[in-house]
Amino acid sequence: MRKLLIANLSVLVLIVLAGCASVPQAEIDAATAALADAKAAGADVYAAESLQAALDKESALNAELATQQGNFFKSYDLTAQLAGELKQLAEKAKTDAVAGKAQAKLDAEAAITATEAAITAAQEALKTAPKGKGSAADLAAMTGDVEAAVNAIAECKTMLGEEKYLDVKTKAESAKAQADKVVADIQAAIEMKKGRK
């Protein structure tokens, strides 16, 4: 009888101890905060791959938490490990986002500078464009294209202040292509005119 009582008490103690395993809430909170910091730093835009790795780890952490909540004998060792890994990945995503954003800013500024040079070249080319019968409409269209590029760069500078670096780069490159086309069209017209002489 005494052995049975000791055995039952031992099982009861094991059950109580197993049920008392505590969720590593501090580690989970730190990992969640690090993930929020990464998102706030723009990781979704400037470090998408790093952020995705962190989000995948967050999913694994949540799955492990759900598994442990359903277990009678709980063990949060893996949960704590996953929370630590999530925190590291989130911190990497934040670092990558900061670096990516800085590079995107440099790229946007370079695109604006290149476009401004292309606009200047187009404006100069317009001054030397051949004029003659039927060319007025073409010159008006090319002048309009250059003015559109100038307006696009003004918009880019505003967007640069709003930290929309990827949009700035795209818009500036489009404006540069417009200005470059004006220069190429004028060069082609000049060559054609030379060929007629």
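As a reminder, the structure under discussion sits directly above these lines.
Overview of the structure. Just so you know, these numbers come straight off a predicted model, no measurement behind them.

### Considerations on the overall build of the protein
And step 1. Scanning the protein for helices and strands turns up 7 helices and 0 strands.
And step 2. In the protein, buried positions account for 28% of the 197 residues.

### Let's talk about the side chain of threonine 79
And step 1. Looking at the secondary structure, you find threonine 79 in helix H5 (residues 77-127).
And step 2. Excluding its chain neighbours within four sequence positions, the residues that come into contact with threonine 79 are Pro24, Ile28, Leu61, Glu64, Leu65 and Gln68.

### A look at unusual backbone geometry
And step 1. One non-glycine residue, glutamate 163, lies in positive phi territory at about 65°.
And step 2. Summarising the element assignment, glutamate 163 is placed in the loop between helix H6 (136-161) and helix H7 (165-196).

### Let's talk about the packing of helix H2 (residues 25-40) against helix H4 (residues 48-70)
And step 1. Running from N to C, H2 and H4 cross one another at 150°; their axes reach a closest spacing of 11 Å. What the angle tells us is that H2 and H4 run roughly antiparallel. The handedness of the crossing between H2 and H4 comes out as left-handed. Counting all contacts with H2, which are made through Ile28, Leu35 and Lys39, the residues of H4 involved are Leu51, Ala54, Leu55, Glu58, Leu61 and Leu65.
And step 2. Partitioned by chemical class, the residues of the contact of H2 with H4 number 7 nonpolar, no polar and 2 charged.

### Comments concerning the environment of alanine 99
And step 1. As for its placement among the helices and strands, alanine 99 is situated in helix H5.
And step 2. Take alanine 99: its relative accessible area is 47%, and that puts it in the partly exposed class.
And step 3. For the pair formed by alanine 99 and tyrosine 46, sequence separation is 53 residues and the distance between their alpha carbons is 8.1 Å.

### Let's talk about the pattern of salt bridges
And step 1. Evaluation of the coordinates by the stated rule reveals 11 salt bridges.
And step 2. Close ionic contact of lysine 171 with glutamate 155 constitutes a salt bridge, the shortest N to O distance being 2.9 Å. Pair noted here: lysine 171 is in helix H7 and glutamate 155 is in helix H6, with a separation of 16 residues, a long-range link.
And step 3. Among the salt bridges present, the one from glutamate 173 reaches lysine 169, with a minimum N-O distance of 3.8 Å. Pair noted here: glutamate 173 and lysine 169 are both in helix H7, with a separation of 4 residues, about one helical turn.
And step 4. Residue lysine 169 is classed as partly exposed on the basis of its relative accessible area of 30%.

Reading the values: the criteria
- Residues numbered from 1 in each chain as written.
- Predicted model: local features only at pLDDT ≥ 70, side-chain atom pairs only at ≥ 80, totals over all residues.
- Heavy atoms only, no water.
- Helix = DSSP H or I, 4+ residues; strand = E, 2+ residues; numbered from the N terminus.
- Buried < 20%, exposed > 50% of the residue type's maximum accessible area, 1.4 Å probe, protein only.
- Contact = heavy atoms within 4.5 Å.
- Axes fitted to C-alpha atoms, helices over the stretch in contact; angles between N-to-C directions.
- Parallel < 35°, antiparallel > 145°, perpendicular 65-115°, else oblique.
- Left-handed = near helix turned anticlockwise from the far one by under 90°.
- Nonpolar A, V, L, I, M, F, W, Y, C, P; charged D, E, K, R; others polar.
- Salt bridge = Lys/Arg side-chain N within 4 Å of Asp/Glu carboxyl O.

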